[in-house]
Amino acid sequence: MSEPSIFSRILAGEIPSEIVAETENVFAIRDIAPQAPLHLLVIPKTEDYRNVVELAAGDPALLTEMVGLANTLAAEHADGDFRLIFNTGAGAGQTVFHVHAHVLAGGLAEGSLGG
Ligand code: 5GP
């Protein structure tokens, strides 16, 4: 077994981070280095999937649940509009290989893709 991911350690309470939302299968935290006025990470509790491609192939319902939670949180914490980013692969900036969605919201209209 490999070491638990940083997100699993946050979920277990081993690393402090406010859990902004939690359902049976998914949870959300604030990114420690926000890139937008609202920058949340929506994360499945399982770390079986390293990236969104594996998740989409292995458990599309879980991916759908993540998108739904992102939508709910963007409405609760911002104006409802949001950018959803899955960095996929180290070359694209992925640093944590436990699939997660970046939810960016608030004041994004000026930016192009990636803001
Ligand atoms: P990636 O680069 O893999 O797409 O995204 C990983 C994200 O996790 C980064 O945006 C980074 O700021 C965030 N992150 C890394 N360590 C921690 C942490 O300990 N707490 C929180 N809240 N976010 C973290």
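Remember, predicted model here, so these are calculated numbers, not experimental data.

Engineer: Could you clarify how one ought to interpret the nonpolar core in this entry?
Structural biologist: A general trend in soluble globular proteins is that nonpolar side chains are found buried together. With 20 residues, the main nonpolar core has V42, L55, L69 and L73 as its most contacted residues. Elements with a contribution of two residues or more to this core: β1 (19-22), β2 (26-30), β3 (38-44), α2 (52-58), α3 (60-77) and β5 (101-105). Here this core takes six residues from α3, the largest share from any one element. Discounting chain neighbours no more than four positions away, the residues touching L69 are A21, V26, F27, A28 and V42.

Engineer: Can you help me understand the site of the ligand in this one?
Structural biologist: Near the ligand, the surroundings consist of 17 residues, among which R30, D31, G93, T95 and H102 are the closest. Between the ligand and R30 there is a distance of 2.8 Å, counted from a nitrogen atom to a backbone nitrogen or oxygen. Within the contact set of the ligand, a nitrogen atom lies 3.3 Å away from a backbone nitrogen or oxygen of I32. Computed on the free molecule, the ligand has an accessible area of 520 Å², of which 83% lies beneath the protein chains in the complex. Among the elements that line the shell around the ligand, the one with the most residues is helix α1 (residues 6-11), at three residues. Considering only residue class, the shell around the ligand consists of eight nonpolar, seven polar and two charged.

How each quantity is defined
- Residues numbered from 1 in each chain as written.
- Predicted model: local features only at pLDDT ≥ 70, side-chain atom pairs only at ≥ 80, totals over all residues.
- Heavy atoms only, no water.
- Core = buried A, V, L, I, M, F, W, Y, C linked by side-chain atoms within 4.5 Å.
- Buried < 20%, exposed > 50% of the residue type's maximum accessible area, 1.4 Å probe, protein only.
- Helix = DSSP H or I, 4+ residues; strand = E, 2+ residues; numbered from the N terminus.
- Contact = heavy atoms within 4.5 Å.
- Near = heavy atom within 4 Å.
- Polar contact = N/O pair within 3.5 Å; in protein donor to acceptor, adjacent residues only side chain to side chain.
- Areas by Shrake-Rupley, 256 points an atom, 1.4 Å probe, with all protein chains shown as cover.
- Nonpolar A, V, L, I, M, F, W, Y, C, P; charged D, E, K, R; others polar.

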